[in-house]
Amino acid sequence: MAKKVGVSEATVSRVLNNKPGVSESTRQAVLSALDVLGYERPTQLRGERARLVGLVLPELQNPIFPAFAEVIGGALAQLGLTPVLCTQTKGGVSEADYVELLLQQQVSGVVFAGGLYAQADAPHDHYRLLADRNIPVVLINAGIARLGFPGVSCDDAVAVEQAWRHLASLGHERIGLVLGPGDHVPSARKLAAARALAGNALPDDFVARAIFSIEGGHAAATRLIDRGVTGFICASDPLALGVVRAARRRGLDVPAQISVVGYDDSALMNCTEPPLTTVRQPIESMGKAAVELLHAQIGGSPVPADELLFEPELVVRGSTAQAPRT
């Protein structure tokens, strides 16, 4: 323990026995090391929360989530807080299990950068457990309303409007949407915005649902291509790459015959072939705002359970072009 923190064994002993003569910063460093190494705190120290913050991600395959983790982790470190990364895998530790583990570690707060809170039909009891324990929580990107936590989101309505107007300006009249599952809140917001914007120009059979993956995008795009869609607005960059792959499997050129707009502007989207036109989430601003909201709660400041909306930015690259002439 002393070696990890860089202090003497006597200093560690004074902290563990709750003795004076140790600076607050050193004391917190020793307690954080205790938590990270998995040791139980001495009885007299267990009532005090660690300087640990849970950072819960739904996956790491989509590059947007490691990007959020990097920003949030850096911002937490600047405040003397240590992020504990909790990543879900198929058949692995569930989100509810991670919450139990974080509570056992007496974390100071939790940031969720995607998860079950964005699925209306998913179980949400573990979020209520956090609320009942008065653990500070911040949600990133469109959660269900009744949880009562502050949130930070990219404005889905503006994102769809930017993408739709871009495709329409290129002459596309048959524009379709590739979205996440039916209970996915950000996808529902995107669909509502598209319907408000397009009206009858967006029939139901121009909307396809998919799991968030390249394979999901490929399957959804195959259906929409059969229905004559030439312009695609996707709910993530991996979905958009799946659309590009589906078009090519059909012998269609992107962007000469099919135009595709992604969402996120995650890493390497400017290196795909063609480079992907996409709507960029302001990850840096959103991540830092999430940490500020969490830190305010940890410090005891009242934080309203509001959602802060951040403006996205359309990034035009090589996957969109003039609509094909019929």
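Just so you know, these numbers come straight off a predicted model, no measurement behind them.

What counts as what
Residues numbered from 1 in each chain as written. Predicted model: local features only at pLDDT ≥ 70, side-chain atom pairs only at ≥ 80, totals over all residues. Heavy atoms only, no water. Helix = DSSP H or I, 4+ residues; strand = E, 2+ residues; numbered from the N terminus. Buried < 20%, exposed > 50% of the residue type's maximum accessible area, 1.4 Å probe, protein only. Contact = heavy atoms within 4.5 Å. Areas by Shrake-Rupley, 256 points an atom, 1.4 Å probe, with all protein chains shown as cover. Lys, Arg positive; Asp, Glu negative; His and termini not counted. Charge placed at Lys NZ, Arg CZ, Asp CG, Glu CD. Salt bridge = Lys/Arg side-chain N within 4 Å of Asp/Glu carboxyl O. Pairing = 2+ DSSP bridges. Axes fitted to C-alpha atoms, helices over the stretch in contact; angles between N-to-C directions. Arc of directions from axis to C-beta. Polar contact = N/O pair within 3.5 Å; in protein donor to acceptor, adjacent residues only side chain to side chain.

Draft legend 1. The overall build of the protein, seen in detail. In terms of helices and strands, the protein carries eleven helices and twelve strands. Seen through its C-alpha atoms, the protein measures out along the principal axes to roughly 80 × 35 × 35 Å. Taken over 326 residues, the protein has a buried fraction of 51%. Contacts spanning at least 24 positions in sequence make up 71% of the contacts within the protein whose residues lie at least 6 apart. Summed over its atoms, the accessible surface of the protein is roughly 14,800 Å², and 51% of this surface lies on carbon and sulfur atoms. Here the protein carries 29 positive and 33 negative side-chain charges, and the mean point of each set is 3 Å from the other.

Draft legend 2. Structural view of the pattern of salt bridges. For the coordinates displayed, the defined rule picks out ten salt bridges. Aspartate 204 serves as the salt-bridge partner of arginine 195, at 2.9 Å between the closest nitrogen and oxygen. Judged by its relative accessible area of 31%, arginine 195 falls in the partly exposed class. Aspartate 204 gets classed as exposed once you look at its relative accessible area, which sits at 59%. One salt bridge in this structure joins aspartate 226 and arginine 250, with 2.7 Å as the shortest N-O distance. Residue aspartate 226 is found in helix H9 (residues 214-226), and its partner arginine 250 is found in the loop between helix H10 (237-249) and strand S9 (259-264); the two are separated by 24 residues along the sequence. With relative accessibility at 53%, the residue aspartate 226 sits in the exposed group. Here the residues in one salt-bridge network are Asp265, Arg280, Glu313 and Arg317, joined through shared partners.

Draft legend 3. Inspection of the sheet that holds strand S3 (residues 109-112) at higher detail. Strand order in this open sheet of six strands is S2-S1-S3-S4-S5-S11, and the pairing throughout is parallel. Edge positions in the open sheet fall to strand S2 (82-87) and strand S11 (307-310), since each of these has one partner strand only. Across the sheet, the axes of successive neighbouring strands diverge by a mean angle of 20°, strand direction being ignored. Pairing analysis gives three bridges linking S3 to strand S4 (residues 137-140), with the strands arranged parallel. Its bridge partner lying in S4, valine 110 is registered against valine 137. Across the sheet, helix H11 (residues 283-298) touches strand S1 (52-57), S3, S4, strand S5 (151-154) and S11, and the angle it forms with S4 is around 165°.

Draft legend 4. Quick look at helix H5 (residues 95-104). Listed as buried for H5 are Glu95, Tyr98, Val99, Leu102 and Leu103. All buried residues of H5 lie within an arc of 135° about the axis, which places them on one face of the element. Packed against the buried residues of H5 are S1, S2, S3 and helix H6 (125-132). Just past H5, the residue glutamine 106 takes up positive phi, approximately 55°.

Draft legend 5. Representation of the side chain of serine 319. In this structure, serine 319 sits in the segment after strand S12 (313-315). A polar atom in the side chain of serine 319 sits 2.6 Å from the backbone oxygen of valine 260.

Draft legend 6. Molecular detail of unusual backbone geometry. Between valine 254 and the following residue, proline 255, the backbone shows a cis peptide bond with an omega angle of 20°. With respect to the secondary-structure elements, proline 255 resides in the loop between H10 and S9. Of note, the amide linkage connecting glutamate 273 to proline 274 takes the cis form, showing an omega dihedral of 0°. The phi torsion at glutamine 106 lies on the positive side, around 55°, for a residue other than glycine. Here aspartate 265, not a glycine, exhibits a phi torsion of approximately 55°, which is positive.

Draft legend 7. Summary view of the sheet that holds S12. Strand order in this open sheet of six strands is S7-S6-S8-S9-S10-S12, and the pairing throughout is mixed. Taken across any chain shown, the strands that pair with only one partner, and hence form the sheet edges, are strand S7 (207-209) and S12. Here the average twist between neighbouring strands, direction ignored, is 20°. Relative to S7, strand S6 (residues 175-179) runs parallel, the two being bridged by three bridges. What sits directly across from leucine 177, in S7, is valine 207. Taken strand by strand, helix H8 (residues 185-198) contacts S6, S7 and S9, and its axis lies near 165° from that of S6. Contacts from H9 reach S6, S7 and strand S8 (231-234) within the one sheet, and its direction differs from that of S7 by about 155°.

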